[in-house]
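Each chain, letter by letter, is given below.
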There are 2 protein chains.
Amino acid sequence: MSLQLRSSPPSPFGRKVKIAAILCGVHLDIVWADTTDPQDALRTQNPLGKIPVLLREDGAPIYDSPVILEYLDACAGGGVILPAGGERRIEVLTLQALTDGIMDAALLQVYEARMRPEAERSDRWLDIQAGKVARGLAALEAAPPPHGGVSGAADAGEIGLACALGYLDLRFSGAWRPDHPALVAWLDGFAARVPAFEATRAP
Amino acid sequence: MSLQLRSSPPSPFGRKVKIAAILCGVHLDIVWADTTDPQDALRTQNPLGKIPVLLREDGAPIYDSPVILEYLDACAGGGVILPAGGERRIEVLTLQALTDGIMDAALLQVYEARMRPEAERSDRWLDIQAGKVARGLAALEAAPPPHGGVSGAADAGEIGLACALGYLDLRFSGAWRPDHPALVAWLDGFAARVPAFEATRAP
């Protein structure tokens, strides 16, 4: 099976897929994508022009990251990064949605600076996005998810949390760390248990 | 089983959940949420402050809409709006991700006008979001999804497409219609086959 991943080195959603593929024992050929280039094949692979996209051997695209993670889990026989069913599966998927939402809100803050001249930036919009990140981190600090995932490695929710915190380190200089000691300890534990986390760190 | 849905009348993602619940035969008590009100319990139910959120009897929250649709399908025994597994499940989930992405890009255009004074609005940002909607619609116009879903009713991808088109009707005066005759016919067919679509139209 030959699978191609379209992503970019700093994408936190792409990092989720890379970690998941390692945990599921699935090899991915990575072809970097430029989301700003209209000529990049990305926009025909995913009309939204978003990364990551997984291309199957026949070229059929799979996105977004939760769907790719479900596919990779199925490739590995199931039950590796996602519980097969039941309450626990829904809990893991909801945690993944929370951590994806934290990444989305962080990305919208980055885009505000990257895509707009200074006069078109909005403090109110930045505050709204920062509030989503702050409330998400506060909820997770109060109750970090248990380590160990489905198969003893890590589940999709844990992978999402690690990538969200890694992205805040990358783009916001780790400003979240002083106020969230339980999450700092959680991330240290994750990195120690899942070598794929360091192996996929953006250069 | 008593389930509570937090949503707002025009939310296209909330409409997905309402249609899915009807197709799955699950009753939802709807409690409207105000995403702009910091005092609304929404922000403790979902730290992201986003709708829809489904609350189980014990208060445990489920989000975002793809996770809620999976939960509702499981409540109905599975295989009602989502194939249980295999290639077809991944195709349906990818279609859902595409239609959710169209809604997200449409919402970001609405927010640009709603949340910013005129000087802080960006034509470039609006163009980027409009491009995602246009490319998504073009891809779907070229190959509308087959009707009939998993159980003969409708699957999560079809529900997503109907709600995306319904939202473009609501907020962009149906400007998509003249250039997308195949999707107009598709939506007419969906509405005729799935009465829950009209029953959940925003007032």
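Participant: A description of the interface of chain A and chain B should follow, citing residues and the corresponding values.
Facilitator: Listed by partner, the interface residues are 40 residues for chain A and 40 residues for chain B. Run the count over chain A and chain B and you get 6 salt bridges. For the salt bridge of A:Glu70 with B:Arg89, the shortest nitrogen-to-oxygen distance reads 2.4 Å. Connecting chain A to chain B are 18 residue pairs in polar contact (both at pLDDT 80 or more). Every element with two or more residues in the side of chain A that touches chain B is listed here: β4 (61–62), α3 (65–75), α4 (86–115) and α5 (123–142) of chain A. Considering every element that reaches the side of chain A that touches chain B, the biggest residue donor is α4(A), with 15 residues. Its residues placed into classes, the side of chain A that touches chain B shows 19 nonpolar, 5 polar and 16 charged.

Participant: Just give me the short version of the packing of aromatic side chains, but keep the residues and values in it.
Facilitator: In the structure shown here, the tally under the stated rule is 6 aromatic pairs over all chains. On the numbers, 6.3 Å between centres and 50 degrees between planes, the contact of A:Trp125 with B:Tyr111 is tilted. Pair noted here: A:Trp125 is in helix α5 and B:Tyr111 is in helix α4 (residues 86–115), and the two residues belong to different chains. Aromatic side chains B:Phe190 and B:Phe197 sit 5.7 Å apart centroid to centroid with 85 degrees between the ring planes, which places their arrangement in the edge-to-face category. Judged on exposure class, the residue B:Phe190 and its partner B:Phe197 are both buried. Connected via pairs of aromatic rings, a cluster forms that spans A:Trp186, A:Phe190 and A:Phe197. Against the face of A:Phe197 rests A:Arg15, its NZ or CZ located 3.9 Å from the ring centre.

Participant: Give a description of the side chain of B:Asp73 that names residues and reports values.
Facilitator: Residue and element names in this part refer to chain B. Structurally, Asp73 is set in helix α3 (residues 65–75). Buried within the structure, Asp73 lacks any salt-bridge partner; Arg89 is the closest side chain of opposite charge, at an N-O distance of 5.3 Å. Ignoring anything within four residues of it in the chain, the contact list for Asp73 reads Cys24, Gly78, Gly79, Val80, Ile81 and Leu82.

Participant: I'd like to hear about the domain arrangement of chain A, residue by residue, with values.
Facilitator: Residues and elements named next belong to chain A. With domains assigned, chain A is organised as domain 1 (3–75) and domain 2 (86–199). Just the C-alpha atoms count here: the centres of domain 1 and domain 2 sit 20 Å apart. Facing the 13 residues of domain 1 at the interface are 20 residues of domain 2. Across the interface of domain 1 and domain 2, roughly 1,400 Å² is buried in total on both sides, 73% from carbon and sulfur atoms. Put simply, domain 1 and domain 2 have 2 salt bridges between them. When the shortest N-O distance is used, the salt bridge between Asp100 and Lys16 registers 2.8 Å.

Participant: Tell me what's going on with the confidence of the model for chain A, and back it up with residues and numbers.
Facilitator: With 100% of its residues at a pLDDT of 70 or more, chain A has an overall mean of 96. Across the whole predicted complex the pTM is 0.98, and at the interface the ipTM reaches 0.97.

Participant: Before we move on, can you summarise the sheet that holds strand β2 (residues 28–32) of chain B with the specific residues and values?
Facilitator: All names here are of chain B. The 4 strands are arranged β2-β1-β3-β4 in an open sheet whose pairing can be described as mixed. Of all strands in the sheet, those bounded by a partner on one side alone are β2 and β4 (61–62). Here 5 bridges tie strand β1 (residues 3–7) to β2, and the two strands are oriented parallel to one another. In the sheet register, Leu3 faces β2, and the bridge partner there is Leu28. Here α3 sits on the sheet in contact with β1, β2, β3 (53–55) and β4, set at roughly 40 degrees to β3.

What counts as what
Residues numbered from 1 in each chain as written. Chains lettered and ligands numbered in written order. Predicted model: local features only at pLDDT ≥ 70, side-chain atom pairs only at ≥ 80, totals over all residues. Heavy atoms only, no water. Contact = heavy atoms within 4.5 Å. Salt bridge = Lys/Arg side-chain N within 4 Å of Asp/Glu carboxyl O. Polar contact = N/O pair within 3.5 Å; in protein donor to acceptor, adjacent residues only side chain to side chain. Helix = DSSP H or I, 4+ residues; strand = E, 2+ residues; numbered from the N terminus. Nonpolar A, V, L, I, M, F, W, Y, C, P; charged D, E, K, R; others polar. Phe/Tyr/Trp six-rings, centres within 6.5 Å; stacked < 30°, edge-to-face > 60°. Buried < 20%, exposed > 50% of the residue type's maximum accessible area, 1.4 Å probe, protein only. Lys NZ or Arg CZ within 6 Å of the ring centre and 35° of its normal. Lys, Arg positive; Asp, Glu negative; His and termini not counted. Domains from an automatic or database assignment. Buried area = accessible area lost by both parts, 1.4 Å probe. pLDDT = per-residue confidence, 0-100. Pairing = 2+ DSSP bridges. Axes fitted to C-alpha atoms, helices over the stretch in contact; angles between N-to-C directions.

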